[in-house]
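# Commentary on secondary and tertiary structure
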Amino acid sequence: MPASLHERLAVRRADITTLHVDAIVNAANPSLLGGGGVDGAIHAAAGPELLAHCRTLGGCPTGEARITPGFALPARFVIHTVGPVWHGGHDDEDTMLGRCYRSSLALADAHGLRRVAIPAISTGVYGFPVERAARIAVTTVADELAARPALAHVLLVTFGDEATRVTEAALALRLAEA
């Protein structure tokens, strides 16, 4: 019998670069060459080999994902995805954000990865409203887990108090509906 959503999806406030999982997701920019926030932290923790490898990928469009080794990270792989920049909700940002989560988990599944940690994509300098992003993350990941039984566990990794609170609330609501 497959594990329940409650056993497969969790929220954790943590430094994503320290997690021992099969893959961490990087909220990257389209160049994949590093930046600020979680992107910069992942590149710094992984070491210069990550940047060198990312240079060979030719970037990544919004909503898609690319995979690289984790290099010096405890995670074996980094799945880079490019989230949408928030423009007030008028440029299909919700759909594009959902695609980030779907693309990342599809790539993890295709590579046989079972444990994945994902940050709050697009909620930093890209300005996506945290509560709205949390609802999209929980809904999309829960749907993907239902369709991908080989994925054993996904952590939605938060950094601050507000992101943790709203992501936990979104997950509690989804679990209550299940």
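This section reports on the structure supplied with the text. Quick caveat: nothing in here was measured; it's all calculated off a predicted structure. (Residues numbered from 1 in each chain as written. Predicted model: local features only at pLDDT ≥ 70, side-chain atom pairs only at ≥ 80, totals over all residues. Heavy atoms only, no water.)

### Some words on the overall build of the protein
Counted only if it meets this: Secondary structure elements are taken from DSSP: a helix is a run of H or I of four residues or more, a strand is a run of E of two residues or more, and numbering for both begins at the N terminus. Only the C-alpha atoms count toward the radius of gyration. The rule for a globule is 2.2 Å times the residue count to the power 0.38. Residue burial is assigned from relative accessible area. The probe radius is 1.4 Å, only protein chains are included, and a residue is buried under 20% of its type maximum, exposed over 50%, and partly exposed in between. Two residues qualify as a contact provided that any one of their heavy atoms is within 4.5 Å of a heavy atom in the partner residue. What sets the accessible areas is the Shrake-Rupley method with a 1.4 Å probe; for residues, cover comes only from the shown protein chains. Counted charges follow a simple rule, with Lys and Arg positive, Asp and Glu negative, and His plus the chain ends left uncounted. Taken as the charge location is NZ of Lys, CZ of Arg, CG of Asp or CD of Glu.
The number of helices and strands found in the protein is six helices and six strands. Mapped in sequence order, the helices and strands of the protein form the string α-β-β-α-α-β-β-α-β-α-β-α. A compact globule built from 178 residues would reach a C-alpha radius of gyration of about 16 Å, and the protein, at 15 Å, matches this within 12%. The buried share of the protein, reckoned over its 178 residues, is 47%. Long-range pairs, those at least 24 residues apart, make up 69% of the contacts in the protein between residues at least 6 apart in sequence. As displayed, the protein has an accessible area near 8,200 Å², and 55% of this comes from carbon and sulfur atoms. For the protein, the separation between the mean place of its 15 positive charges and that of its 18 negative charges on side chains is 4 Å.

### Looking at the pattern of salt bridges
Convention followed: Each salt bridge in this description consists of a side-chain nitrogen of Lys or Arg and a carboxyl oxygen of Asp or Glu lying within 4 Å of one another.
Counted under the stated rule, the structure contains eight salt bridges. The closest approach of N and O atoms between Arg132 and Asp94, which form a salt bridge, is 2.9 Å. Residue Arg132 is located in helix α5 (residues 130-147), and its partner Asp94 is located in helix α4 (residues 93-110); the two are separated by 38 residues in the primary sequence. Its salt-bridge partner being Arg135, residue Glu131 comes within 3.7 Å of it at the nearest N-O pair. A residue pair is termed a helical-turn pair when its members lie 3 or 4 positions apart in one helix, as Glu131 and Arg135 do in helix α5 at four residues. Taking relative accessible area as the criterion, Glu131 reaches 48% and is therefore assigned partly exposed. The network of salt bridges with common partners includes Asp109, Glu144 and Arg148.

### Comments concerning empty space enclosed by the protein
Leftover empty space is mapped by rolling, across the atoms, a probe with the size of a water molecule. The criterion, for reference: Grid points spaced at 1 Å over the protein atoms alone were grouped into cavities, where a 1.4 Å probe fits but cannot get out, and pockets, open sets with protein on both sides within 12 Å along at least five of seven lines, with lining residues defined by an atom within 4 Å of a point. Grid points are joined across faces, edges and corners, and a volume is the space filled by probe spheres set on the points. Here the term charged refers only to Asp, Glu, Lys and Arg, the term nonpolar to Ala, Val, Leu, Ile, Met, Phe, Trp, Tyr, Cys and Pro, and the term polar to all other amino acids, Gly among them.
By the definition in use, this model includes one cavity of 30 Å³ or more. Approximately 90 Å³ is the volume attributed to the largest cavity. Lining of the largest cavity is provided by 14 residues; of these, Tyr101, Ala120, Ala134, Ala137 and Thr167 occupy positions nearest its centre. Secondary-structure elements contributing two or more residues to the lining of the largest cavity are β5 (115-119), α5, β6 (153-158) and α6 (161-177). Per-element accounting of the lining of the largest cavity gives the leading share, four residues, to α5. For the lining of the largest cavity, the residue count by class is 11 nonpolar, three polar and no charged.

Keep in mind these values describe shape, not function.
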